[in-house]
Amino acid sequence: MAFSCQRQAAAGRAAPRTSSRRVAAVPRPVVLAAAAAAPAAPAPTPVPPSKLIDGKAIAETIRSEIATEVAAMKQQYGLTPGLAVVLVGSRKDSETYVRSKKKACAEVGFDSYGTDLPADVSEEELLKVVEAYNADPRVHGILVQLPLPKHISEKRILDAISIEKDVDGFHPLNMGCLAMRGREPLFVPCTPKGCIELLERMNVPIAGRKACVIGRSNIVGMPAALLLQRRDATVTMVHSKTPDAARICSEADIVIAACGVAEMVKGDWIKPGAVVIDVGINAKDDPTAKKGYRLVGDVEFDGAAARASLITPVPGGVGPMTIAMLLQNTLESARRAAKGEAAPAH
Ligand SMILES: NC(=O)C1=CN([C@@H]2O[C@H](COP(=O)(O)OP(=O)(O)OC[C@H]3O[C@@H](n4cnc5c(N)ncnc54)[C@H](OP(=O)(O)O)[C@@H]3O)[C@@H](O)[C@H]2O)C=CC1
Ligand SMILES: Nc1nc(=O)c2c([nH]1)NC[C@@H]1CN(c3ccc(C(=O)N[C@@H](CCC(=O)O)C(=O)O)cc3)C=[N+]21
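Residues numbered from 1 in each chain as written. Chains lettered and ligands numbered in written order. Predicted model: local features only at pLDDT ≥ 70, side-chain atom pairs only at ≥ 80, totals over all residues.

Trainee: Sorry, what's going on with the UniProt feature "domain: Tetrahydrofolate dehydrogenase/cyclohydrolase catalytic" (unreviewed entry) in the protein chain here?
Mentor: UniProt records the feature "domain: Tetrahydrofolate dehydrogenase/cyclohydrolase catalytic" (unreviewed entry) for residues 53-168 in the present numbering. End C-alpha atoms of residues 53-168 are separated by 24 Å, and the span's content is 52% helix alongside 16% strand. (UniProt positions renumbered as here; feature names shortened; annotations may be inferred. Helix = DSSP H or I, 4+ residues; strand = E, 2+ residues; numbered from the N terminus.)

Set out below in structure tokens:
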């Protein structure tokens, strides 16, 4: 197979990178909840703002950088980046994510295209939709929202997305290039890319540090470990069959938690001074919350924050970065199209 993943300049590689600029100062929340009335029970010590990695603010900065580049691209090439989002079925969480992706597109000046299909759509029908977007020159990125219904082969659908429009970075050729030395993927998966971007924008050194990645999924844990390892961290991966996860985690300078188990990573799993990136998004019953639940991560926040030097909150940490990275990948794809870079044979 004549295939090259090597056209992308920098996304999967160690710094320096050109696709995003470092922010000089990261906006931090300034006001701690004022203790107007003393709480009846002792509340956990508030986390100092200086410990928080404000993913929401960093993602906003990135989105405004992207908006500036989109305006320039429109002027220089008369080209507007386009993202196609395909949603199958009517899972509430998927509908919410798809809505926020389309809104983010509009805010930075992208065109977005959407196809909503019923949960019982056939694999063949879905493939036709993907193929139509593959052939559409207005579309620079294609995202098929996961998970797909059981009767559809995720593998077959992800394989059908043109690697040049694979802004999720889930195609096996992009994944394979990420795993190989001397190769560069065309796109790096958005969530792990967002985790690394947070570390870099917070000036957290990665090279030579010990990292622990909890979870080994294709979309988060595995590519996160590969990205850290590409930046010369020594990475240990923990999964559901790992017998001594707490001990392994407690040796790490950098922890990326992506196991999908609410608040599994406890405070005493965290080495004092470590940096904690919590990817998890879990709904936890909370009768005091408006919706009857609140979002928590895979890390028990208060306990971990007491020991960490930096930690991401949930929500407002990795989630907004995932969307910012999706926009960044789509912009990069449009830039390649504008420059007429040759398509690799595949
Ligand atoms: N913020 C964001 O943008 C995003 C957030 N997420 C969130 O991140 C989390 C992970 O997502 P995803 O990777 O898709 O999840 P998956 O369910 O696909 O993978 C979970 C991984 O965690 C491992 N795991 C499960 N239980 C344990 C355990 N008890 N101890 C150690 N490891 C365990 C599994 O191990 P094994 O391989 O052995 O089964 C698996 O590798 C979820 O909370 C999800 O909602 C996901 C995508 C984006
Ligand atoms: N093809 C595909 N690509 C994906 O990238 C993909 C996917 N399928 N399926 C589902 C997961 C999940 N995911 C999230 C994106 C944004 C937030 C996000 O913005 N979260 C906010 C708000 C959360 C809320 O309020 O509901 C936050 O954490 O602050 C979360 C999770 C992308 N995923």
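Trainee: Looking at this structure, I do not really get the site of ligand 2. What am I missing?
Mentor: Around ligand 2, 19 residues are found, and the nearest of them are Leu-146, Pro-315, Gly-316, Gly-319 and Thr-322. Considering each element in turn, the shell around ligand 2 owes the most residues, 4 residues, to helix H10 (residues 318-338). Taken together, the residues that form the shell around ligand 2 break down as 11 nonpolar, 7 polar and 1 charged. Residue contributions to the shell around ligand 2 reach at least three from each of two domains, namely domain 1 (76-165) and domain 2 (190-321). (Near = placed C-beta within 6 Å. Nonpolar A, V, L, I, M, F, W, Y, C, P; charged D, E, K, R; others polar. Domains from an automatic or database assignment.)

Trainee: What am I meant to see in the sheet that holds strand S3 (residues 141-144) here?
Mentor: What links the strands of a sheet is backbone hydrogen bonding, and the strands pair in either a parallel or an antiparallel sense. Taken in spatial order, the 3 strands make up an open sheet running S2-S1-S3, and their pairing is parallel. Strands with a single pairing partner mark the edges of an open sheet, and in this sheet they are strand S2 (111-117) and S3. Here the average twist between neighbouring strands, direction ignored, is 15°. Packing against the sheet, helix H2 (residues 92-108) makes contact with strand S1 (82-88) and S2, and its axis sits at approximately 170° to S1. Against the sheet, helix H3 (residues 123-135) contacts S1, S2 and S3, and its axis sits at roughly 170° relative to S2. (Pairing = 2+ DSSP bridges. Axes fitted to C-alpha atoms, helices over the stretch in contact; angles between N-to-C directions. Contact = placed C-beta atoms within 7 Å.)

Trainee: Would you explain the packing of helix H1 (residues 55-77) against H2 in this entry?
Mentor: The description of two helices packed together rests on the angle between their axes and the distance between the axes. Packing of H1 against H2 brings their axes to within 8 Å, and their N-to-C directions diverge by 55°. Considering the angle they form, H1 stands oblique to H2. Only Ala-104, Glu-107 and Val-108 of H2 make contact with H1, whose side of the interface consists of Arg-63, Ile-66, Ala-67 and Val-70. For the contact of H1 with H2, the per-class residue count stands at 5 nonpolar, no polar and 2 charged. (Parallel < 35°, antiparallel > 145°, perpendicular 65-115°, else oblique.)

Trainee: Teacher, can you tell me more about the packing of helix H6 (residues 190-201) against helix H7 (residues 221-230) here?
Mentor: At a closest axis distance of 8 Å, the pairing of H6 and H7 adopts a crossing angle of 40°. With respect to H7, the axis of H6 lies oblique. Seen from above, H6 lies across H7 with right-handed handedness. For the pair H6 and H7, contact is made by Pro-192, Cys-195 and Ile-196 and by Pro-223, Ala-224 and Leu-227, respectively. Among the residues forming the contact of H6 with H7, the class breakdown is 6 nonpolar, no polar and no charged. (Left-handed = near helix turned anticlockwise from the far one by under 90°.)

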